Amino acid sequence: MPHRPATPATQRIENQHRAYFLAAVGFPLLVILGGVGGFAAPAAVSTLSGATTWLLGLVMFAMGLSLRPADFLLVAARPWPVLLGVVAQYVIMPLAAVLVVWILRLPPEIAAGVILVGCAPGGTSSNVVCLLARGDVALSVAMTSISTLLAPVFTPLLTLWLAGEYMPLQASSMALSIVQMVLIPVVGGLVVRWLFHAAVERILPALPWVSVAAIALIVAIVVAGSRDRILSADLAVVVAVIMHNALGYLLGYAAARVTGQPSSVRRTMSIEVGMQNSGLAAGLATRYLDPLSALPGAVFSVWHNISGAMVAAACGVADRRRQAAHGEGAGD
């Protein structure tokens, strides 16, 4: 039977799927390369140490460019799932971090870093993973946006409360830094998109890659700055990150299920709670805690993208099994 040429619609869908696959695979690979580069050439990478704040600002500016007023209108149209997701973000992950620190008996510097990751807002790559997992993407964007805008208040206060016993911390200075690195760039991106909508639309496909490249550089800087101490660190950091991330996925899903949310919202909350803005946590740890405290954020930046791709793949398998058994398109 002769091969039937692809129609424009089919080709567009195939290109879209290819782009999603590249995003899911490319994010963790680029971040891993950043870590390897920082470890292999610490002297060269350390010259960029002063650029961390600007790189975080770039990530947040790209996030602002990707947002639309409709993303915030969802808060008014569907306040309950957005509120539920944001509350879960700032309750589940900080408490899960404390639990992980207690179970593993982590040293103070690492413990403070793990807790700071838990107190960070949702990660920007969660929106891509949510799309791959067939979750509620609009809700994912709204949750990430609101948790990010609330970060200047909740991240320093929660970190001071939960990590203050491990490391001295100036919450007011951290809050000001988050305003400078997060709030101002996000609002700036929103304004630029409003003023130059057509131009921004053309560069939207490149924005995730700009963000991940900046995060990869942040990871490289963090690793270069604490290379010697990383060599003396054990696998407890990796175990802590994997446990923390897994607890976020499981408890986020459970919170949505207990409150009677539909399947797409359960997936979205699981991903939003489990994936953190660990690049922000790593940058803040470098500036306000200890260089070693940035290590959990750097490892989390790599791992949550890998685990996110695994979660998305698992959702796809569940959907195919459900469709085969019941002829339905969405799964639990």
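Residues numbered from 1 in each chain as written. Predicted model: local features only at pLDDT ≥ 70, side-chain atom pairs only at ≥ 80, totals over all residues. Heavy atoms only, no water.

A.B. asks: What is the right way to read the pattern of salt bridges from this model?
C.D. replies: When the charged atoms of two side chains with opposite charge come close together, those side chains can pair. What the rule picks out here adds up to two salt bridges. Ionic pairing is found between Asp-136 and Arg-78, a salt bridge with its closest N-O pair at 2.8 Å. Of the two residues, Asp-136 is situated in the loop between α7 (126-132) and α8 (137-163) and Arg-78 in the loop between α4 (69-77) and α5 (79-104); the sequence distance between them amounts to 58 residues. Its relative accessible area of 28% is what places Arg-78 among the partly exposed residues. With a closest N to O distance of 2.6 Å, Glu-201 and Arg-193 form a salt bridge. On the basis of relative accessibility, which here comes to 33%, the residue Glu-201 falls in the partly exposed class. (Salt bridge = Lys/Arg side-chain N within 4 Å of Asp/Glu carboxyl O. Helix = DSSP H or I, 4+ residues; strand = E, 2+ residues; numbered from the N terminus. Buried < 20%, exposed > 50% of the residue type's maximum accessible area, 1.4 Å probe, protein only.)

A.B. asks: Where do I start with the confidence of the model for the chain in this structure?
C.D. replies: In low-pLDDT regions, the fine details of the predicted coordinates are not to be read closely. On average, residues of the chain score 82 in pLDDT, and 88% of them are at 70 or above. Ranking the helices and strands of the chain by mean pLDDT puts helix α13 (residues 236-258) first, with 94, and helix α1 (residues 8-40) last, with 64. (pLDDT = per-residue confidence, 0-100.)

A.B. asks: It is not clear to me how a nonpolar patch on the surface should be interpreted in this structure. Could you clarify?
C.D. replies: Together, Trp-80, Leu-83, Val-87, Val-91 and Leu-95 make up a nonpolar patch on the protein surface, roughly 470 Å² of accessible area in all. Examined against the element boundaries, Trp-80 turns out to sit in helix α5. Look at Trp-80 and you get partly exposed, because its relative accessible area is 45%. (Patch = residues over 30% accessible without salt bridge, like charges linked within 9 Å, V, L, I, M, F, W, Y side chains within 5 Å. Areas by Shrake-Rupley, 256 points an atom, 1.4 Å probe, with all protein chains shown as cover.)

A.B. asks: Is there a simple way to think about unusual backbone geometry in this case?
C.D. replies: For residues that are not glycine, phi is negative in most cases, and the peptide bond is trans in most cases. If you check the backbone angles, Arg-105 has positive phi at about 50 degrees while not being a glycine. Looking at where Arg-105 falls in the secondary structure, it is placed in the loop between α5 and α6 (108-118). Of note in the backbone geometry, Arg-134 takes a positive phi value of approximately 60 degrees without being a glycine. As for its position among the elements, Arg-134 is in the loop between α7 and α8. With a relative accessible area of 48%, Arg-134 lands in the partly exposed category.

A.B. asks: What am I meant to see in the packing of α6 against helix α16 (residues 295-326) here?
C.D. replies: Each packed pair of helices is defined by two parameters, the angle between the axes and the distance between the axes. In contact at an axis separation of 7 Å, α6 and α16 are set at 50 degrees when each is read in the N-to-C sense. Between α6 and α16, the interaxial angle falls into the category oblique. Here Ile-110, Gly-113, Val-114 and Val-117 of α6 come into contact with α16, specifically with Leu-295, Pro-296, Gly-297 and Phe-300. Per-class residue counts for the contact of α6 with α16 are six nonpolar, two polar and no charged. (Axes fitted to C-alpha atoms, helices over the stretch in contact; angles between N-to-C directions. Parallel < 35°, antiparallel > 145°, perpendicular 65-115°, else oblique. Contact = heavy atoms within 4.5 Å. Nonpolar A, V, L, I, M, F, W, Y, C, P; charged D, E, K, R; others polar.)

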